[in-house]
Amino acid sequence: MKSILEQLSSITVVVADTGDLDAIKKFQPRDATTNPSLILAAAKNPDYIKLIDQALESSRKSLPVGFSESELIKETIDQVSVFFGKEILNLITGRVSTEVDARLSFDTEATVTKARKLINHYKSFGIDKERILIKIASTWEGIKAAEILEKEGIKCNLTLLFNFCQAVACANAKITLISPFVGRILDWHKAKTGKDNFAGCEDPGVISVTKIYNYFKEKGFKTEVMGASFRNIDEIKELAGCDLLTIAPKFLDELNREEGELIKKLDEDAQSHSSIDYKFDERDFRLSMLKDQMASEKLSEGITGFSKAIEELEELLLKRLSEINNQKLISTTQI
């Protein structure tokens, strides 16, 4: 009998949620997603120190004479994500998601500028923008930035998405893909209710993604729905049939080892076509987010977490830069 992972892959595009190149080689997904935390984890792996050094050297060459150390690190933050993305694309046939600096989540203009820069870095390696999804937090400003980028042919993945209004705003803006979070929604409800276990079909994260998926298919939106942030494989099974699911290596491994029948839970053709059309202008969007305590808290928490990961990555790059400079100094002294 086929494994659960094999059955899932036949009805849903399985995406690897990792920056670990070895895991991507093992599971051979079509697409892969990264975020600052995943890039940071990969950057700490001694096996990938060469990529860090390449990003530092490339950044050094791209800056004008007289650049400061802080300017070099800032440039390297952009390039290191692209270097990892480039290596990932050598292992997959589809797309990689590369995230814009989370600290820009409330600045539309800066997000657009950063996204264009990332695309240009990929272009310098001969990588077509069709293979890149620019990952942006689902703030109002982020959605507006993605809307501008999509009109330029730059495809986007709107992340840190926790409620229906965020999803609908993205669809109305004709965003390529959204990543509604499952596990983080579950985390919030566990903390608030004190309830430790939710059956798969009662999982609030699963319910949220199912509602979004059904509405999108009913209304004919082209925006792809990619469930993300899982806490257990039951959540994944309950979303079988979703357009895409981005799954961490530990769950990919678990799904690959499990056998049994996987039931398709989400079906594009099984829609009621009876719901109203929702529209969210900026005022409606902000009010909806304000009323949704879970979405507001989790969006803030996610942006803060990714921002801290970038700051830690900056510290790692500074440390590596110091090591390289010391090595050069020792080498020069010996000569």
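Residues numbered from 1 in each chain as written. Predicted model: local features only at pLDDT ≥ 70, side-chain atom pairs only at ≥ 80, totals over all residues. Heavy atoms only, no water.

### With respect to unusual backbone geometry
Using the following cut-off: Helix and strand assignments follow DSSP, with helices taken as H or I runs no shorter than four residues and strands as E runs no shorter than two, numbered in order from the N terminus. Burial here depends on accessible area, computed with a 1.4 Å probe over protein chains only, as a share of the maximum for the residue type. Under 20% is buried, over 50% is exposed, and the range in between is partly exposed.
Positive phi is not limited to glycine here, since Leu160 has a value of about 50 degrees. Mapped onto the elements of the fold, Leu160 is located in strand β5 (residues 156–161). For Leu160, a relative accessible area of 0% translates into the label buried.

### Some words on the side chain of Thr111
The criterion, for reference: Between N or O atoms, a polar contact is any pair within 3.5 Å; within protein, one atom must be a potential hydrogen donor and the other a potential acceptor, and residues adjacent in sequence are included only when both atoms are from side chains. Whether two residues are in contact is decided by their heavy atoms, any of which lying within 4.5 Å being enough.
Looking at the element boundaries, Thr111 is found in helix α6 (residues 108–124). There is a polar contact of 2.9 Å between the side chain of Thr111 and the backbone oxygen of Leu104. With near-sequence residues (within four places) excluded, Thr111 lies in contact with Val100, Leu104, Ile136 and Ala145.

### A word on the sheet that holds strand β2 (residues 31–33)
Sheets are built from strands that pair by backbone hydrogen bonding, the pairs being arranged parallel or antiparallel. Short version of the rule: Strands qualify as paired when DSSP identifies two bridges or more between them. Think of each axis as a best-fit line through the C-alpha atoms, taken over the contacting stretch in the case of a helix, with angles from 0 to 180 degrees between the N-to-C directions.
In space, the eight strands of this closed barrel follow the order β1-β2-β3-β4-β5-β6-β7-β8, with parallel pairing throughout. Sheet twist, expressed as the average angle between the axes of neighbouring strands with direction ignored, equals 30 degrees. Alignment of β5 against strand β6 (residues 177–180), held across three bridges, turns out to be parallel. From the neighbouring strand, Leu161 faces β6, where its bridge partner is Pro180. Docked against the sheet, helix α8 (residues 164–172) engages β5 and β6, running at close to 170 degrees with respect to β5.

### Structural notes on the packing of aromatic side chains
Quick reminder of the rule: To pair, rings of Phe, Tyr and Trp, with the six-membered ring standing in for Trp, must have centres within 6.5 Å; the planes then decide the type, stacked if under 30 degrees apart, edge-to-face if over 60, and tilted in the middle. Geometrically, a charge over a ring is one whose NZ (Lys) or CZ (Arg) sits within 6 Å of the ring centre while staying within 35 degrees of the ring normal.
Inspection of every chain in the model, using the stated rule, returns 10 aromatic pairs. Plain terms: the ring middles of Phe164 and Tyr215 are 5.1 Å apart, the flat faces sit at 70 degrees to each other, and that makes the pair edge-to-face. On the criterion of sequence distance, the pair formed by Phe164 in helix α8 and Tyr215 in helix α10 (residues 204–219) is long-range, its members being 51 residues apart. Given a relative accessible area of 5%, Tyr215 falls into the buried group. By the ring-pair criterion, three or more aromatic residues cluster together here, those being Phe164, Tyr215, Phe216, Phe221, Tyr278 and Phe280. Above the plane of the ring of Phe198 lies Lys195, whose end atom (NZ or CZ) is 4.5 Å from the centre. Against the face of Phe164 rests Lys211, its NZ or CZ located 4.4 Å from the ring centre.

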